[in-house]
Amino acid sequence: MKKWLLCFLLSLCAMLPALYTTADAATVIASGTCGDDLTWALSDEDGNGTGETLTISGTGKMEDYFSGGAPWHGHRTGITAAVLESGVTHIGDFAFSQCISLTSVTIPDSVTTIGDAAFRECGLTSVTILPGVTTIGSRAFSNCGNLTSIAIPESVTTIGDSAFRACRSLTSISLPSGLTSIADSLFYDCTGLEEIAIPSSVTAIGKSVFVRCSLTSIVIPEGVKSIGSSAFGVCSKLRGVTIPSSVTSIDSDAFNKCSSLTSIVIPEGVKSIGWTTFRDCTALREITLPSTINSIGKGAFESCRSLKTIVIPNGVKWIGDGAFYDCRSLRSVEFPPSVTSIGSGAFESCSSLVSITIPNSVKTIGEGAFYKCASAMDVCYTGTETEWDAIRIAARNNPLKYRIILGPSAEPEAPAEPEAPAEPEAPVEPVAPAEPEPPVAPEAPAEPEVSTAPETPAAPEVPATPEVPVTPETPPVPQAPAEEGGSSAGLIIAVAAAAAVIAAVVLLLAKKKKN
């Protein structure tokens, strides 16, 4: 009996370790290593597999994984909490990717880097990053659709591209003052983002940074030099943008489809407007272009249907294809003398365009550049007919057939020339008739007294009478009518006198002949 009891007790003692191990196994679901000096353990807190906690312990860097390569990835849907103990310095690439039940996480101050896609497509609603982190990798929190807030410490100097892409519940965020650039697609498709402050340390805004965000206004700080392509594309609620004078480059599609944007000022220093930069900004009414600009890219202002006027600064050499296509409210355009080329479809479908001025510097006009413009459009050309004929004008530019050649000397002062006919000098000549001398001529008739010569008895003396013909010298008297304004009566008397003298002479000669 005693031996049997002793055997039972010994057997019971031998079973106790096994019973303990079984109980512990029920808590720790899985475990292993995830770095040189790091371990991981997955425990079932409620015992039914629906509330699992992943704990990372030890010191040093966590391993980097490829998508779906983390050792606990098979449990990703059941992990509801993640504990990163102090000592961990790096969170590996794709470490917690697709942990859709993970709602919150605190990253300790020992961590300096968060790897690429570390928390991609998680169910996180909030994230706390303690000071110490300097780098947040590409896509680190991308597609965390439930994330509403995240605190980024001032220690962070680098945030990778697409780090917060498609975090559609994020409404506001503050970027650290040590950040020097905003990476490509950083807030791409953050449709709930309404407010953000860009620190003054930033010098570049990357590509597609704020595409489809709900920003209503944005102030770009002094110091930013470049705005990447599509940086604010499809920000349909954006109404105002402040661009500093430090900006020298605005890439293509930068403000594409910002349909609420009404006005914008491009600062001096910007040299070109990229392709489709303001395309489909349907509410844009005013834009100021700098004197430093030398080209307007393809489709730059396409379908800016509220734009009524545009001042193209002197210095622009070419206007790209479709640059102002479908600007239905645009009424007039004056090209500066620096323009040499107008691209195909540049002003096509500008149905309200009624007046354009083309300088003689233009050498080529592309196909359909003014197609479907107002049929009664006035085209003023500052060159000569010969220069106009030398321009290479492609097809579908019918409005250009009805142009007005102003000529190179067509200056605004030209209309003053009609004053020349007002010169009064010519009419002054009629003053001559005012001379009173011509009326004296009628005294000539007094000479006919010589007709009494026949009564003189001394016939021999008749030969001396030929001296009488001297009287014909009186014909100069008729010169009086040459003076304009003379009396018609005086003219008649003079003619009569001359006739009388001639008759007297004839009579004397006849008598002499008879004798």
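The rules behind these values
- Residues numbered from 1 in each chain as written.
- Predicted model: local features only at pLDDT ≥ 70, side-chain atom pairs only at ≥ 80, totals over all residues.
- Heavy atoms only, no water.
- Helix = DSSP H or I, 4+ residues; strand = E, 2+ residues; numbered from the N terminus.
- Buried < 20%, exposed > 50% of the residue type's maximum accessible area, 1.4 Å probe, protein only.
- Contact = heavy atoms within 4.5 Å.
- Areas by Shrake-Rupley, 256 points an atom, 1.4 Å probe, with all protein chains shown as cover.
- Polar contact = N/O pair within 3.5 Å; in protein donor to acceptor, adjacent residues only side chain to side chain.
- Pairing = 2+ DSSP bridges.
- Axes fitted to C-alpha atoms, helices over the stretch in contact; angles between N-to-C directions.
- Salt bridge = Lys/Arg side-chain N within 4 Å of Asp/Glu carboxyl O.
- Patch = residues over 30% accessible without salt bridge, like charges linked within 9 Å, V, L, I, M, F, W, Y side chains within 5 Å.
- Lys, Arg positive; Asp, Glu negative; His and termini not counted.
- Charge placed at Lys NZ, Arg CZ, Asp CG, Glu CD.
- pLDDT = per-residue confidence, 0-100.

### Description of the overall build of the chain
Helix and strand content of the chain: three helices and 32 strands. Looking at the 515 residues of the chain, the share that counts as buried comes to 41%. Long-range pairs, those at least 24 residues apart, make up 29% of the contacts in the chain between residues at least 6 apart in sequence. In the form shown here, the chain has an accessible surface area of approximately 26,000 Å², with 56% of it arising from carbon and sulfur atoms.

### Brief notes about the environment of Ser291
Locating Ser291 in the fold gives a position in the loop between strand 23 (286-288) and strand 24 (295-296). Note: C-alpha distance between Ser291 and Ile312 (21 residues apart in sequence) is 8.7 Å. A polar side-chain atom of Ser291 sits 2.7 Å from a polar atom in the side chain of Glu268.

### Details of the sheet that holds strand 26 (residues 332-334)
An order of 26-28-30-32 is seen for the four strands of this open sheet, with the pairing classed as parallel. Only two strands of the sheet have a single partner each, and these edge strands are strand 26 and strand 32 (403-405). Ignoring strand direction, the axes of neighbouring strands in this sheet form an average angle of 15 degrees. The pairing of strand 26 with strand 28 (residues 355-358) spans three bridges and is classified as parallel. Its bridge partner being in strand 28, Val333 is matched across the sheet by Ile356.

### Considerations on the pattern of salt bridges
Using the criterion set out here, one finds seven salt bridges in the structure. Arg168 is the partner of Asp189 in a salt bridge, and the nearest nitrogen-oxygen pair spans 2.5 Å. Taken together, the residues Asp189 in the loop between strand 14 (181-182) and strand 15 (195-197) and Arg168 in the loop between strand 12 (158-159) and strand 13 (172-174) connect sequence positions 21 residues apart. Asp189 sits in the buried class, given a relative accessible area of 10%. Taking relative accessible area as the criterion, Arg168 reaches 43% and is therefore assigned partly exposed. Across the salt bridge formed by Arg328 and Asp326, the nearest N and O atoms sit 2.8 Å from each other. A relative accessible area of 40% means that Arg328 is categorised as partly exposed.

### Details of the pairing of strand 7 (residues 104-107)
Here strand 7 shows a buried face lined by Val105 and Ile107 and an unburied face lined by Ser104 and Thr106. Direction of pairing for strand 7 relative to strand 9 (residues 126-129): parallel, over a ladder of four bridges. The partner of Thr106 across the bridge, within strand 9, is Thr128.

### What to know about a negative patch on the surface
Together, Asp36, Asp37, Glu63 and Asp64 line one region of the surface with negative charge. Given the relative accessible area of 79%, Asp36 is considered exposed.

### Description of the sheet that holds strand 7
Pairing is parallel across the open sheet formed by three strands, whose spatial order is 7-9-11. The open sheet terminates on both sides in strands that have one partner only, identified here as strand 7 and strand 11 (149-151). Put simply, the sheet's adjacent strands are angled 5 degrees from each other on average, direction ignored.

### Description of the environment of Tyr188
Assignment of secondary structure puts Tyr188 in the loop between strand 14 and strand 15. Tyr188 gets classed as buried once you look at its relative accessible area, which sits at 18%. The spatial distance from the C-alpha of Tyr188 to the C-alpha of Lys207 is 9.5 Å, given a sequence separation of 19 residues. If near-sequence neighbours (up to four positions away) are discounted, Tyr188 is found in contact with Arg165, Ala166, Ser208, Val209, Val211 and Arg212.

### Focus on the confidence of the model for the chain
Mean pLDDT over the chain stands at 82; residues scoring 70 or higher make up 75%. A low-confidence stretch, residues 12-26 stays under pLDDT 50, and its non-local contacts, those more than four residues away or across chains, total one contact. Under a pLDDT of 50 for its full length, residues 409-487 has, in the predicted model, 23 contacts with residues more than four places off or in other chains.

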